[in-house]
Amino acid sequence: MSTATKPYHIGRKISRIRELKDMKQEALAQALGMSQQAVSVMENSEIVDEEKLKDVANALGMTVEAIKNFSEEAVINYFNNIYDNDFSHSNGAIQSNNCSFNPLDKVVELYERLVQAEKDKNEYLEKLLKGK
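Here the structure is a predicted model, which means the values were calculated and not measured.

## Some remarks on the environment of Ser 45
Here Ser 45 is to be found in the loop between helix H3 (36-43) and helix H4 (50-60). Judged by its relative accessible area of 23%, Ser 45 falls in the partly exposed class. When the C-alpha positions of Ser 45 and Ile 10 are compared, they lie 7.2 Å apart, and in sequence the two are 35 residues distant. Not counting residues up to four positions away in its chain, the partners in contact with Ser 45 are His 9, Ile 10 and Gly 11. At 2.8 Å, the side chain of Ser 45 forms a polar contact with the backbone oxygen of Val 41.

## Comments concerning the packing of helix H2 (residues 25-32) against H4
Orientation of H2 relative to H4, taken along the N-to-C sense of each, is 115°, at an axis distance of 10 Å. Regarding H2 and H4, the two cross each other, and that crossing is right-handed. Mapping the contact onto sequence places Leu 28, Ala 31 and Leu 32 in H2 and Asp 55, Val 56, Ala 59 and Leu 60 in H4. Class assignment of the residues belonging to the contact of H2 with H4 gives a composition of six nonpolar, no polar and one charged.

## Considerations on the nonpolar core
Membership of the largest hydrophobic core comes to 17 residues, with the highest contact counts inside it found for Ile 14, Leu 28, Met 42, Leu 53, Val 56, Leu 60 and Ile 67. Residue assignment for this core shows that the elements contributing at least two residues are helix H1 (10-20), H2, H3, H4 and helix H5 (64-68). Residues in contact with Leu 53, not counting those within four places in the same chain, are Ile 10, Ile 14, Val 48, Val 64, Ile 67 and Lys 68.

## Examining the confidence of the model for the protein chain
Taken residue by residue, the protein chain gives an average pLDDT of 82. The fraction at 70 or more is 80%. No element of the protein chain has a lower mean pLDDT than helix H6 (residues 72-84), at 70, and none a higher one than H3, at 94.

## Structural notes on the environment of Ala 31
If you trace the backbone, Ala 31 turns up in helix H2. Put simply, Ala 31 and Ala 59 are 28 residues apart on the chain and 6.0 Å apart in space, counted from C-alpha to C-alpha.

## Examining H3
Turning to H3, its buried residues are Val 39, Met 42 and Glu 43. Mapping the buried residues of H3 onto a view down its axis gives an arc of 95°, with all of them on the same face. Exposed residues on H3 whose side chains face more than 90 degrees from its buried face are Gln 37 and Val 41. Of the surrounding secondary structure, the elements contacted by the buried residues of H3 are H1, H2 and H4.

## Focus: the side chain of Glu 43
Take Glu 43: it is sitting in helix H3. Once residues within four sequence positions are removed from consideration, Glu 43 is found in contact with His 9, Gly 11, Arg 12, Ile 14, Ser 15, Arg 18, Gln 25 and Leu 28.

Cut-offs applied
Residues numbered from 1 in each chain as written. Predicted model: local features only at pLDDT ≥ 70, side-chain atom pairs only at ≥ 80, totals over all residues. Heavy atoms only, no water. Helix = DSSP H or I, 4+ residues; strand = E, 2+ residues; numbered from the N terminus. Buried < 20%, exposed > 50% of the residue type's maximum accessible area, 1.4 Å probe, protein only. Contact = heavy atoms within 4.5 Å. Polar contact = N/O pair within 3.5 Å; in protein donor to acceptor, adjacent residues only side chain to side chain. Axes fitted to C-alpha atoms, helices over the stretch in contact; angles between N-to-C directions. Left-handed = near helix turned anticlockwise from the far one by under 90°. Nonpolar A, V, L, I, M, F, W, Y, C, P; charged D, E, K, R; others polar. Core = buried A, V, L, I, M, F, W, Y, C linked by side-chain atoms within 4.5 Å. pLDDT = per-residue confidence, 0-100. Arc of directions from axis to C-beta.

Written as structure tokens, this is what we have:
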């Protein structure tokens, strides 16, 4: 059965929202104080009672209305609008807040500083040992 025939399948909406938030069923189950299997059953249910839906909304950091009104189309439009409003690909004066450095370079720099600190520490300890 496709989602087009059952647009209000609340369990599927919960499942999609959880996936979009990069949350596993186990994490949601732990937040709700239930088993992963119980979350799976809930996500396969067309209807979820209001109290459980409030708990799920809390665990997902959103409102019950947001879950009920969730649609894939709205999410796609939201992300498309973010991209469309990003001026970094235009020649305009407005610039986006894109990273201006390579994060890998920063990791290498930090690693080199740590290695140098270890070398300095070893040198200091060798001086102490020779002094005895």
